[in-house]
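# Structural overview
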Amino acid sequence: GQVFAGNVGSSERLNYTLLGANVNEAARLEQLNREFGTNMLVSDEVRAEASGEYHFRCLGFVMIRGFQKPIRVHEFIGHRAEIGGLQQALLDQYNSLDRELMEKNKDVTTAELEEYVAQNPEDSPVFKYLQFTRTQMGHGSSILQPAVVY
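Now for a quick tour of the structure. What you are looking at is a predicted structure, and each value in this text was computed from that prediction instead of being measured.

### Digging into the nonpolar core
Counting 21 residues, the largest nonpolar core has Phe36 and Leu113 as the members making the most contacts within it. Within the residue set of this core, elements represented by two or more residues are helix 1 (21-36), strand 4 (54-63), strand 5 (71-79), helix 3 (85-103), helix 4 (106-119) and helix 5 (124-138). Setting aside its immediate chain neighbours within four residues, Leu113 contacts Tyr94, Leu97, Leu101, Val126, Tyr129 and Leu130.

### Here's the deal with the packing of aromatic side chains
Each aromatic ring pair is specified by the distance between its two centres and by the angle formed by the two planes. All chains considered together, the criterion is met by three aromatic pairs. Look at Tyr54 and Phe76: their rings are 5.6 Å apart centre to centre, the planes differ by 50 degrees, and that puts the pair in the tilted class. Of this pair, Tyr54 sits in strand 4 while Phe76 sits in strand 5, and the two are 22 residues apart along the sequence. A relative accessible area of 29% means that Tyr54 is categorised as partly exposed. Under the relative-accessibility criterion, Phe76 is labelled partly exposed at 27%. Aromatic pair Tyr94 and Tyr116: ring centres 5.8 Å apart, planes at 55 degrees, arrangement tilted. Taken together, the positions of Tyr94 in helix 3 and Tyr116 in helix 4 put the pair 22 residues apart, joining distant regions of the chain. For the pair Tyr94 and Tyr116, a shared accessibility class is recorded, and that class is buried. Among the aromatic residues, those joined into a ring-pair cluster are Tyr54, Phe56 and Phe76. Cation over ring: Arg57 sits above Tyr94, and NZ or CZ is 5.2 Å from the ring centre.

### Focus: the pattern of salt bridges
What the rule picks out here adds up to four salt bridges. Across the salt bridge formed by Arg57 and Asp123, the nearest N and O atoms sit 2.6 Å from each other. One end of the pair, Arg57, is in strand 4; the other, Asp123, is in the loop between helix 4 and helix 5, and 66 residues separate them in sequence. Neither residue differs from the other here; Arg57 and Asp123 are each classed as buried.

### Some points on the environment of Val46
By the element assignment, Val46 lies in helix 2 (residues 44-50). Under the relative-accessibility criterion, Val46 is labelled partly exposed at 41%. For the pair formed by Val46 and His74, sequence separation is 28 residues and the distance between their alpha carbons is 9.1 Å.

### Things to note about the side chain of His55
Here His55 shows up in strand 4. Only 2.9 Å separates the side chain of His55 from the side chain of Gln88, close enough to count as a polar contact. Setting aside chain neighbours within four positions, we find His55 in contact with Glu75, Phe76, Ile77, Gly78, Arg80, Ile83, Gln88 and Leu91.

### Focus: a nonpolar patch on the surface
A cluster of nonpolar side chains, Val3, Tyr16 and Leu18, forms an exposed patch at the surface whose accessible area comes to about 310 Å². Note that Leu18 resides in strand 2 (residues 14-19).

### Remarks on helix 1
Along its 16 residues, helix 1 runs 22 Å from first to last C-alpha, staying within 8% of the 22 Å computed at 1.5 Å per residue. Those residues of helix 1 that sit buried are Glu25, Leu29, Leu32, Asn33 and Phe36. Taken from the residues just after helix 1, Gly37 is the one with a positive phi, measuring 75 degrees.

### Re the pairing of strand 5
Judged from the three bridges that link them, strand 3 (residues 41-43) and strand 5 form a sheet pairing that is antiparallel. Within strand 5, the position partnered with Val42 by the bridge is His74. By the bridge criterion, seven bridges tie strand 4 to strand 5 in an arrangement that is antiparallel. Following the sheet pairing, Cys58 is matched in strand 5 by His74.

The rules behind each value
- Residues numbered from 1 in each chain as written.
- Predicted model: local features only at pLDDT ≥ 70, side-chain atom pairs only at ≥ 80, totals over all residues.
- Heavy atoms only, no water.
- Core = buried A, V, L, I, M, F, W, Y, C linked by side-chain atoms within 4.5 Å.
- Buried < 20%, exposed > 50% of the residue type's maximum accessible area, 1.4 Å probe, protein only.
- Helix = DSSP H or I, 4+ residues; strand = E, 2+ residues; numbered from the N terminus.
- Contact = heavy atoms within 4.5 Å.
- Phe/Tyr/Trp six-rings, centres within 6.5 Å; stacked < 30°, edge-to-face > 60°.
- Lys NZ or Arg CZ within 6 Å of the ring centre and 35° of its normal.
- Salt bridge = Lys/Arg side-chain N within 4 Å of Asp/Glu carboxyl O.
- Polar contact = N/O pair within 3.5 Å; in protein donor to acceptor, adjacent residues only side chain to side chain.
- Patch = residues over 30% accessible without salt bridge, like charges linked within 9 Å, V, L, I, M, F, W, Y side chains within 5 Å.
- Areas by Shrake-Rupley, 256 points an atom, 1.4 Å probe, with all protein chains shown as cover.
- Expected span 1.5 Å × (residues − 1).
- Pairing = 2+ DSSP bridges.

In structure tokens form, the structure reads like this:
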């Protein structure tokens, strides 16, 4: 998206800065990494641009302060050529569960997601995603509603 980039200030104090909605979104996603225990989160738009060369996995919808619509966030996993067989199998399993969660029977898929977490307890981002999913469903909300307001 568009940003304003340049020197801002007076002749006594000049700072190079970036301004714009995309800059704000990126800053919020960077802060959200602490919540999920991830290194890099990106929006749907960034994932779509880079998905040919890189792997991502969805971690649900979030509501970002200052924005009217929730955005779907994705964890950056790595370059396609660098993903090993076991990691690829786990990624494929997770992405399949995520697609089902978004498209089909939410209760059945949530149980499958719980099973995935039980088999992969070190996968903290998915554990957080499952917690958010349980919270949403426990409040009678759709899983397509934002799980986190940040």
